[in-house]
Amino acid sequence: MFSLNRGEAAQNNEMKDQLPIVPMPEDSETLQQLLLLIYPYVDEPVISDAALLLKLGKMAQKYCVDIVEAKLQKQLLGSPLVAQEPFRIYVIAVQLKWEQVASLAAFKTVDTPLRNLPHVSELQDISGKELYRFLKYRFDNKLTEPYTSFTASGGDTTLPQGGSPTIDMSVVNSTDVGPGIAEAEEPFNSSASADIVIRSCDSVEFFIMKSQLCFVSPVFNSLLLVEGNKANETGAPTHVSGLPVLSVPEDSKTLRHVFMMMYHLYVESQPQITPELLINAGMAMRKYKIMRLDTLLQKQMSDSGLMKEAPYRAYAIAIALGWNSVAKAAAINTLHKPPKKMPDVNEMGMITGSQLFQL
């Protein structure tokens, strides 16, 4: 967060009027309002700007100033902001996990038809799952119940948000593979022509040609180059066959699907595409930058029954993976049912509230 040098190093602190200066990333207006709320003034500042309110709430949470958080929430419950911009205040309250404020703001939107709700920039910072809870409240509520009937709890969002995946190097090439190691089924078993073994997180070993892997993935190319240099210096995990072993955090179903596409075997042996497999394969291909196969995976999804049977799931998956044309087709398929029939699907946790709002 921030710190001052102490002891002999204290002389290196930046000083003004014999006082140490602490640089902070927050702007002057936000910092001033926070300090005014901390100091015991008779007339505390009234926050009438939603953007400033969000910055203050985030700053109070960042620096664990609980008293300021409590003051902001209390002030909001009686503030005209909730009546003036109820949907925006709802989104801000969800971000800050201020349940009572979110409940009141949601209730204050009931006089505004859903189609007339404005798109607010803060939607980008909540998940589609969190926006769905608001929509569910509006669809199911009789609009006469008190706002305390609504809860804005975060819920179980275990799926990754959109954005570029990163490689966890603490998992790559881990020697902790669990009890028992299995060999992948053909064509990736030990009888295959291979010069490297890729071990999945569930301890299944795939015998792969390194040249094929490096050709489709610049990330694997760099990774294997680094691991090769390490092996020359200190040695590396090896298979009983003498081949080098590279452990990765993906499971065996995901790796098999990606490798089948990589070896152009997807026509002869095409597994049933499930939402989970699409997500995991898509995320793995983005992570390892296997862009040559991205179009193929999009086609597999477009041709699957998922597009018509579960268009909301398909839309969320396509948006999360950056497949705009697939997302558009899935969005069209959602038009066959009224919005109030929108199902609660876990994949909404992968996209932002803004992306769901656009649907």
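Report on the accompanying structure. No experiment lies behind these values; they were computed from the predicted model shown.

**Some words on the packing of aromatic side chains**
And then number 1: By the definition in use, this model includes eight aromatic pairs.
And then number 2: Here the aromatic rings of Phe 220 and Tyr 288 are separated by 4.4 Å at their centres, their planes lie at 20°, and the arrangement is stacked. One end of the pair, Phe 220, is in helix H9 (residues 218–234); the other, Tyr 288, is in the loop between helix H11 (275–287) and helix H12 (294–302), and 68 residues separate them in sequence. With respect to burial, Phe 220 and Tyr 288 carry one shared label: buried.
And then number 3: Of the aromatic side chains, those joined through ring pairs into one cluster are Phe 87, Tyr 90, Phe 134 and Phe 357.
And then number 4: Across the ring face of Phe 215, the terminal group of Arg 292 is positioned such that the distance to the ring centre comes to 4.1 Å.

**A short note on the sheet that holds strand E6 (residues 245–247)**
And then number 1: Read across the sheet, four strands follow the order E3-E5-E4-E6 without closing on themselves; strand pairing throughout is mixed. The sheet terminates laterally at strand E3 (182–183) and E6, the two strands that pair on one side only.
And then number 2: Where strand E4 (residues 196–199) meets E6, three bridges bridge the pair, whose relative direction is parallel. Of the residues in E6, the one forming a bridge with Ile 198 is Leu 246.
And then number 3: Of the strands in this sheet, E4 and strand E5 (204–208) touch helix H10 (residues 252–262), which is tilted by about 15° from E5.

**Here's the deal with a nonpolar patch on the surface**
And then number 1: A grouping of Leu 35, Ile 38, Tyr 39 and Tyr 41 is seen on the molecular surface, where their side chains present a nonpolar patch of about 400 Å² in accessible area.
And then number 2: In this fold, Ile 38 is placed in helix H1 (residues 28–38).

**A closer look at the packing of helix H5 (residues 86–96) against helix H7 (residues 128–140)**
And then number 1: Between H5 and H7, whose axes approach to 11 Å, the crossing angle comes to 135°. As far as their axial angle goes, H7 and H5 are oblique. Classified by chirality, the crossing of H7 by H5 is right-handed. For the pair H5 and H7, the contacting residues are Phe 87, Tyr 90 and Val 94 in the first and Glu 130, Leu 131 and Phe 134 in the second.
And then number 2: A class-by-class count of the residues in the contact of H5 with H7 yields five nonpolar, no polar and one charged.

**A closer look at helix H14 (residues 311–320)**
And then number 1: Of all ten residues in H14, nine are buried, a share of seventy percent or more.
And then number 2: All of the buried residues in H14 are Pro 311, Tyr 312, Ala 314, Tyr 315, Ala 316, Ile 317, Ala 318, Ile 319 and Ala 320.
And then number 3: Residues of H14 that are buried sit in contact with H11, H12, helix H13 (306–309), helix H15 (324–333) and helix H16 (353–358).
And then number 4: One or two positions beyond H14, positive phi appears at Gly 322, with a value near 75°.

**Describing the environment of Leu 53**
And then number 1: Relative to the helices and strands, Leu 53 is located in helix H2 (residues 50–62).
And then number 2: Since its relative accessible area comes to 2%, Leu 53 is described here as buried.
And then number 3: Separated by 39 residues in the primary sequence, Leu 53 and Ile 92 have C-alpha atoms spaced 8.5 Å apart.
And then number 4: Contact partners of Leu 53, with chain neighbours within four places excluded, come to Ile 47, Leu 72, Leu 76, Ile 89, Ile 92 and Trp 98.

**A few points about empty space enclosed by the protein**
And then number 1: Applying the stated criterion across every chain, the model contains one cavity of 30 Å³ or more.
And then number 2: Volume-wise, the largest cavity comes out at about 50 Å³.
And then number 3: Around the largest cavity, the lining residues are Leu 213, Phe 220, Leu 255, Val 258, Phe 259, Ala 284, Tyr 288 and Ile 290.
And then number 4: Counting residues per element, the lining of the largest cavity draws most heavily on H10, which supplies three residues.

**Overview of the nonpolar core**
And then number 1: The biggest cluster of nonpolar side chains holds 100 residues, and the ones touching the most others in it are Ile 198 and Met 301.
And then number 2: What Ile 198 contacts, discounting residues up to four positions off in sequence, is Val 204, Glu 205, Phe 206, Ile 208, Leu 213, Leu 246, Val 248, Leu 255 and Phe 259.

**Describing the side chain of Glu 250**
And then number 1: Here Glu 250 shows up in the loop between E6 and H10.
And then number 2: Of the polar contacts made by the side chain of Glu 250, one reaches the side chain of Tyr 288; its length is 2.7 Å.
And then number 3: Among all residues touching Glu 250, those that are not within four sequence positions of it are Ser 200, Cys 201, Leu 255, Ala 284, Lys 287 and Tyr 288.

Quick notes on the rules
Residues numbered from 1 in each chain as written. Predicted model: local features only at pLDDT ≥ 70, side-chain atom pairs only at ≥ 80, totals over all residues. Heavy atoms only, no water. Phe/Tyr/Trp six-rings, centres within 6.5 Å; stacked < 30°, edge-to-face > 60°. Helix = DSSP H or I, 4+ residues; strand = E, 2+ residues; numbered from the N terminus. Buried < 20%, exposed > 50% of the residue type's maximum accessible area, 1.4 Å probe, protein only. Lys NZ or Arg CZ within 6 Å of the ring centre and 35° of its normal. Pairing = 2+ DSSP bridges. Contact = heavy atoms within 4.5 Å. Axes fitted to C-alpha atoms, helices over the stretch in contact; angles between N-to-C directions. Patch = residues over 30% accessible without salt bridge, like charges linked within 9 Å, V, L, I, M, F, W, Y side chains within 5 Å. Areas by Shrake-Rupley, 256 points an atom, 1.4 Å probe, with all protein chains shown as cover. Salt bridge = Lys/Arg side-chain N within 4 Å of Asp/Glu carboxyl O. Parallel < 35°, antiparallel > 145°, perpendicular 65-115°, else oblique. Left-handed = near helix turned anticlockwise from the far one by under 90°. Nonpolar A, V, L, I, M, F, W, Y, C, P; charged D, E, K, R; others polar. 1 Å grid on protein atoms, 1.4 Å probe; cavity = no way out; pocket = protein on both sides within 12 Å on 5 of 7 lines; lining within 4 Å. Points joined across faces, edges and corners; volume = space filled by probe spheres on them. Core = buried A, V, L, I, M, F, W, Y, C linked by side-chain atoms within 4.5 Å. Polar contact = N/O pair within 3.5 Å; in protein donor to acceptor, adjacent residues only side chain to side chain.

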